Amino acid sequence: MIEYRIHGRGGQGNVAAAYLLAAAAFQAGWYCQAFPAFGAERRGAPVAAFVRVDTAPITLRSQVRNPHFLIVQDSSLLQDPKITQGLRQGGAMLVNSTTPETEVAGQFGCRAVCLDATAMAIEEIGRPIPNTALLAALLALTDRFPPEALATALAGRFHGELLDRNLALVERAAKAVPKAAWAKESADA
Amino acid sequence: MREALEGSQAIARAVSLCEPDVVAAYPITPQTHIVENLSKLVADGDLHTEFVSVESEFSAASVALGAAAAGARAYTATASQGVLLMAEVLFNIAGLRLPMVMTVANRAVSAPLSIWNDHADSMAVRDSGWIQLHAASNQEAVDTTIQAFRITQQTELPVMVCMDGFILTHTMEPIDLPSIDEVRAWLPPLEFDRQLDPEDPRSVGMLVTPDFFPEVRHSHHTAMRKSLEVIETTDADFAQAFGRASGGLLTVEGDVTARVGIVAMGSTVGTLQAGMAHYAAEAAGPALLIKLRSYRPFPARALRDAVRGLDTVIVIDRAISPGMGGILGTEVAAVLAGMPDAPKLVNHALGLGGRDIPETIYSDLLAAIRDPDAPAFSVFDADMEKLPPEDR
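Note that this is a predicted model, so its numbers are computed, not measured.

Enquirer: How do you make sense of the domain arrangement of chain B when you look at a structure like this?
Expert: Interfaces are often sized by the amount of accessible area the parts lose when they come together. Residue and element names in this part refer to chain B. Looking at chain B, the domain boundaries give domain 1 (2-242) and domain 2 (250-391). Each of domain 1 and domain 2 was reduced to a C-alpha centroid, and the two centroids are 28 Å apart. Summed over both sides, the interface between domain 1 and domain 2 buries roughly 2,000 Å², with carbon and sulfur atoms accounting for 56% of that surface. In terms of surface lost to domain 2, no three residues of domain 1 exceed Met123, Arg126 and His134, which account for 26% of the buried area on that side.

This is the structure in structure tokens:
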């Protein structure tokens, strides 16, 4: 089972990101489970969402306490030292940030990849919603599900021009990170 | 077809497959997405039903009551304070023996205000005379919803499908939804003999004097007892048609040599299954996991059969009756009373107001029964450090 935790702020599409990741895994033939850290989500407030994928049905319903991978959608959340709480040994974090990766990796003592997903999203879809770019980057880094799985999941959520723009965005984001850099961690999970 | 769906979305689709004549609901967290999705299905022209937007849960239940009395297939959904605001009408629907289905997205009851999951809401209307079925997964919630429409037609008892708020309603997972043709073939049209008819007028909800009241209650109780068999056969019949069952009255899984049984309802069962798979081979040891699906009617005989020969039964409650303890625990104790060599009963409330239940709960529960000083009832995951000494 691979477990993911997504941190962000209300309005950045955290739950959507979790659902899209689960839907992509489902498209790739995996069992999946995605849910928000249940709460009264308010725009701007720190929020989290969880994803599990497995080759067998998933019955566990608790929050993800020991994720293999983290997505941090808002770099201001790096001020919270607990953001990596429970991250597994050998786990890695993908951060929407312009901060140098070595700095983030040093701060939290884990592997980190930083991507300016907000800037990319503004350029491609005209809105500062970084979730789909980060998902594409995560899929490229972990190399576990084919990019087409994400494209199919996106097509289940977006239509018309918004879908086209998101497809362009995810293609660009996937190329912006080292492909399969976390493939070993993903395969070991 | 299997799809990755959010629980609420899947429930709306399942309800739609059953083609209700009338849907009346008022949105409340965490039921909201069910109503939103139903409303969207109607707006998109995918569901042809009389969708009545009301100003409160009292009205939602009242509209459903009237519709059911007129012979319509009626549906509503609610949670928490909504259940309580409906309470008076819920007793009326059941007492009038009207067939209908309601989803409860189980949530704690105020105060203190909590939007998170526990079972206090449906437990508060435990004695209303509704059938109450608990789903452990979204697939079970979907399948039980479809079954509920058949059970209610056959028994003329309203059916409440209880699913854990957020934990199920807001979780996306693979769900297999049947086609509308499959559901049409399996679910017969509603034929309600007592339906209101201007050509053949009758009264509903009349005063019942002491001359007849005990008989009415007795016959309601008898109908509930008889519905045990209907619930079981409906699930078996569903399994034959669709290839999967939802757990009849209750199901038992685990190591048959185990000396300990754990009784639970709803999504907690899944976490216990995961914990059992993970920890049963370790110090925690094996257990029998008893998933109770039918809470009302209460399957006393099936439960006795399930726990016979065990040393200890741990009952998990997602609600508390202050001053008594666990509610399910108290009922299991009543069922065990008088049983020769009845297992020792341990009762814990768990996950009240949405406290996350970790996978380690399995081993924690089994470790706790080895403590000779452990109380017969506890709020298991309450952190005593957070309380003043006099409240511990």
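Enquirer: Would you take a moment to explain the pairing of strand β1 (residues 2-6) of chain B for this structure?
Expert: The side chains of a regular strand alternate between both faces of the sheet. All names here are of chain B. Of all five residues that make up β1, four are buried, and the element is covered over most of its length. Relative to strand β8 (residues 172-176), β1 runs antiparallel, the two being bridged by five bridges. Its bridge partner being in β8, alanine 4 is matched across the sheet by proline 174.

Enquirer: What is the right way to look at the sheet that holds strand β4 (residues 74-78) of chain B in this model?
Expert: Sheets are built from strands paired through backbone hydrogen bonds, the pairs being either parallel or antiparallel. Residue and element names in this part refer to chain B. Sheet architecture is open: seven strands sit in the order β3-β2-β4-β5-β7-β6-β12, paired in mixed fashion. Edge positions in the open sheet fall to β3 (50-53) and β12 (294-296), since each of these has one partner strand only. Neighbour-to-neighbour, the strand axes of the sheet open up by a mean angle of 20°, direction not taken into account. In the sheet, strand β6 (residues 131-134) pairs with strand β7 (residues 159-164) via four bridges, with the strands oriented parallel. Within β7, the residue paired with leucine 133 across the bridge is valine 161. Across the sheet, helix α4 (residues 80-95) is in contact with β4, β5 (101-106) and β7; its angle to β4 comes to roughly 145°. Against the sheet, helix α6 (residues 138-155) engages β4, β5, β6 and β7, with an angle of about 170° to β7.

Enquirer: Looking at this model, I keep getting lost on the environment of Leu196(B). Mind explaining?
Expert: Residue and element names in this part refer to chain B. Relative to the elements of secondary structure, leucine 196 occurs in the loop between α7 (180-186) and α8 (213-242). On the accessibility criterion, leucine 196 (34% relative accessible area) is partly exposed. Those residues within four positions of leucine 196 in sequence are excluded, and the remaining contacts are Ala69, Ala70, Arg202 and Val204.

Procedures and definitions
- Residues numbered from 1 in each chain as written.
- Chains lettered and ligands numbered in written order.
- Predicted model: local features only at pLDDT ≥ 70, side-chain atom pairs only at ≥ 80, totals over all residues.
- Heavy atoms only, no water.
- Domains from an automatic or database assignment.
- Buried area = accessible area lost by both parts, 1.4 Å probe.
- Buried < 20%, exposed > 50% of the residue type's maximum accessible area, 1.4 Å probe, protein only.
- Helix = DSSP H or I, 4+ residues; strand = E, 2+ residues; numbered from the N terminus.
- Pairing = 2+ DSSP bridges.
- Axes fitted to C-alpha atoms, helices over the stretch in contact; angles between N-to-C directions.
- Contact = heavy atoms within 4.5 Å.

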